[in-house]
Amino acid sequence: MKLHDIGVIGSGIGGSLISSLNKQKDLILFEKDSNLGGCASTFTRGGYSFNAGATTFVGYEDNHPIKRIFDKVGFKPDIKKSEVAIRVIQKEKIVDRIKDFDQFLENINSVYPHKNNYIFWKTIKEIDEKFWLLKKIYFGKYSFDRYIKTFSFVFELLKVYKFSIFSTAKGFIRDIFPDISQEYQNFIDSQLLITLQTNSQNISLLSLALGLSYPFHDVYYANGGMGKIFDDLLVDIDVHKKEKIVNIKREKDSYRVISNKDEYLFKNIVLNSTIFDSGNLFEDKDIKNYYSNFSFSDQSAFVVYMKLNIKKEYISHYQIILEENIPNCISNAFFISFSSMDDDKLSSDGLSITISTHTKASFWKNLQKEQYKKEKLKTQEFIIKKFLENFDTINGENIKYVFSATSKTFNNFINRTNCGGIPITIKNILNTASSNTPFKGLYNIGDTVFAGQGWPGVAIGVEILNKELNNG
Ligand SMILES: Cc1cc2nc3c(=O)[nH]c(=O)nc-3n(C[C@H](O)[C@H](O)[C@H](O)COP(=O)(O)OP(=O)(O)OC[C@H]3O[C@@H](n4cnc5c(N)ncnc54)[C@H](O)[C@@H]3O)c2cc1C
């Protein structure tokens, strides 16, 4: 049997970026689903196209890994800039998260007046700006050399920020806004839940800054859906779609990979499955043990997909913050993405909408079939009701197709019940998986591996992994 160089299991943003960086090698990328992109794929149902989860493309700018990687492989994504990153609506209060700092400040001062708004948001923005200028971002384990490199990254962090960034977000908010209103706190926490999968209670100041700052960056809309970026990026890569890897055997200097269709031998394996699911692929006790060290994060997504019979341009992204929690969810907010009117694919026959919020995988897993259907409908109807209450120009009759997804749906299509990665809490940092493993030729990538959520976070991990793979 032929010994290939690299086998990449999964076409999420992590698997896809690392494949494109190594396309000159003898590499095969396996994807179990018929669509590429995992949480950021675009799929068709009922004749209409929808973004499955991710809808916001951030990180396509200088000093950011995604842009660096795309430039390196000579790829130009089909995207257009969004003027407003998110419009946040909290009852009658509206804040547009935009790049222009002064305009944003004016808006926030009118909605949540506070004498320290400038110092809070300026500090957040400056910490974030400094982070993306860091040259030596690195995290690795299992060898002296890698611990030294990790330490030198931490040293660089300390040089830039002193110890202050490791102080708590909670403390920082308390110092700057000792009298913060519950509404303002909710405004901050709801945005952190989107980016960090957690709130300000148990994160560091650095996480707070990175989590709140993405709207200060260029934010893009992907024409034809997020999935089109994967289709375009992977055009000259040996991609095996609808091929699920079911078993991997460690052999002397290689890995035997068994799929639902065939069998292969690889020198190196990159797993884009989550760190919680990867162990299931192996029988090797040591490898299974290694993966069992990472405690499962139960966090997942509930997503409503809708086709509206309207042709009207909306801001691409809205966040609605409610006073009460969404039934069966762990949030009082949901994130809405509208397709752009001139998007021939997503907006053919009307606008395509993706609405997402946070839930627990264990809740859906434990329900019997009928109960599951009932609870899913309850959550879907609640979200639609609140959605309609917030848009005067849309009514129930405009919805011509609607359905939703839970952690079970994500598991069926993209093999994961955890969605959104690991919450970046102070506690989690110590138990974070690295792109390298204790096993020669076995690597991890994705949002459950350092550095975490969203495309920019996963891309940091990809740059580290690429060095590991190429002895850099
Ligand atoms: C609802 C939602 C909204 C989000 N919104 C945004 C956003 O707007 N912007 C943003 O930047 N981020 C967003 N995120 C986060 C972002 O989408 C994810 O962090 C990122 O896309 C995850 O990439 P990944 O590399 O971990 O791979 P994944 O997306 O998890 O993809 C892994 C792939 O591997 C495949 N796979 C797994 N096991 C196997 C196997 N055994 N054989 C073959 N294939 C396999 C899966 O089918 C899947 O396609 C969102 C996430 C969710 C859930």
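Nothing here was measured: the structure is a model prediction, and the numbers come from that model. (Residues numbered from 1 in each chain as written. Predicted model: local features only at pLDDT ≥ 70, side-chain atom pairs only at ≥ 80, totals over all residues. Heavy atoms only, no water.)

What about the packing of aromatic side chains?
Under the criterion given, the structure shown has 50 aromatic pairs. Ring plane angle 70° and centroid distance 6.1 Å describe the contact between phenylalanine 43 and phenylalanine 403, whose orientation is recorded as edge-to-face. Of the two residues, phenylalanine 43 is situated in strand 3 (residues 42-45) and phenylalanine 403 in strand 18 (residues 399-405); the sequence distance between them amounts to 360 residues. Classification of phenylalanine 403 as buried rests on a relative accessible area of 7%. Residues phenylalanine 338 and phenylalanine 391 carry aromatic rings whose centres are separated by 5.5 Å and whose planes lie at 65° to one another, so their mutual orientation is edge-to-face. (Phe/Tyr/Trp six-rings, centres within 6.5 Å; stacked < 30°, edge-to-face > 60°. Helix = DSSP H or I, 4+ residues; strand = E, 2+ residues; numbered from the N terminus. Buried < 20%, exposed > 50% of the residue type's maximum accessible area, 1.4 Å probe, protein only.)

Section: the pattern of salt bridges
If you walk through the whole model with that rule in mind, you get 28 salt bridges. We note a salt bridge from aspartate 26 to lysine 2, for which the minimum N-O separation is 3.2 Å. A residue pair is termed long-range when its members are at least 10 positions apart, and aspartate 26 in the loop between helix 1 (13-21) and strand 2 (27-30) and lysine 2 in the segment before strand 1 (3-9) qualify at 24 residues. What makes aspartate 26 partly exposed here is its relative accessible area of 27%. Relative accessible area serves as the criterion here: at 53%, lysine 2 is assigned to the exposed category. In this structure, the salt-bridge partner of aspartate 284 is arginine 250, at a minimum N-O distance of 3.0 Å. Placement of aspartate 284 in the loop between strand 13 (263-271) and helix 10 (285-292) and of arginine 250 in strand 11 (residues 245-250) is noted, with a sequence separation of 34 residues between them. Linked by salt bridges that have partners in common, Glu324, Lys385, Lys386 and Glu389 make up one network. (Salt bridge = Lys/Arg side-chain N within 4 Å of Asp/Glu carboxyl O.)

Digging into unusual backbone geometry
At the junction of phenylalanine 450 and alanine 451, the peptide bond is cis and its omega measures out at 10° in the coordinates. Examined against the element boundaries, alanine 451 turns out to sit in the loop between strand 19 (442-444) and helix 15 (454-469). The backbone phi angle of glutamine 197 is positive, close to 65°, even though this residue is not glycine. A relative accessible area of 6% places glutamine 197 in the buried class. The residue lysine 242 is not glycine, and still its phi comes out positive at about 50°. As for its placement among the helices and strands, lysine 242 is situated in the loop between strand 10 (238-240) and strand 11. For lysine 242, a relative accessible area of 52% translates into the label exposed.

Things to note about the domain arrangement of the protein chain
Interfaces are often described in size by the accessible area the parts lose on coming together. Under the domain assignment used here, the protein chain contains domain 1 (3-36 + 234-296 + 423-469), domain 2 (117-216) and domain 3 (297-414). Using C-alpha coordinates to define each centre, domain 1 is positioned 30 Å away from domain 3. At the interface, 6 residues of domain 1 touch 6 residues of domain 3. Around 520 Å² of area is buried between domain 1 and domain 3 when both sides are counted, 50% of it from carbon and sulfur atoms. For the pair domain 1 and domain 3, the number of links is 0 salt bridges. Where domain 1 packs against domain 3, one counts 3 residue pairs in polar contact (both at pLDDT 80 or more). Of the residues that constitute the side of domain 1 that touches domain 3, the class distribution is 3 nonpolar, 1 polar and 2 charged. (Domains from an automatic or database assignment. Contact = heavy atoms within 4.5 Å. Buried area = accessible area lost by both parts, 1.4 Å probe. Polar contact = N/O pair within 3.5 Å; in protein donor to acceptor, adjacent residues only side chain to side chain. Nonpolar A, V, L, I, M, F, W, Y, C, P; charged D, E, K, R; others polar.)

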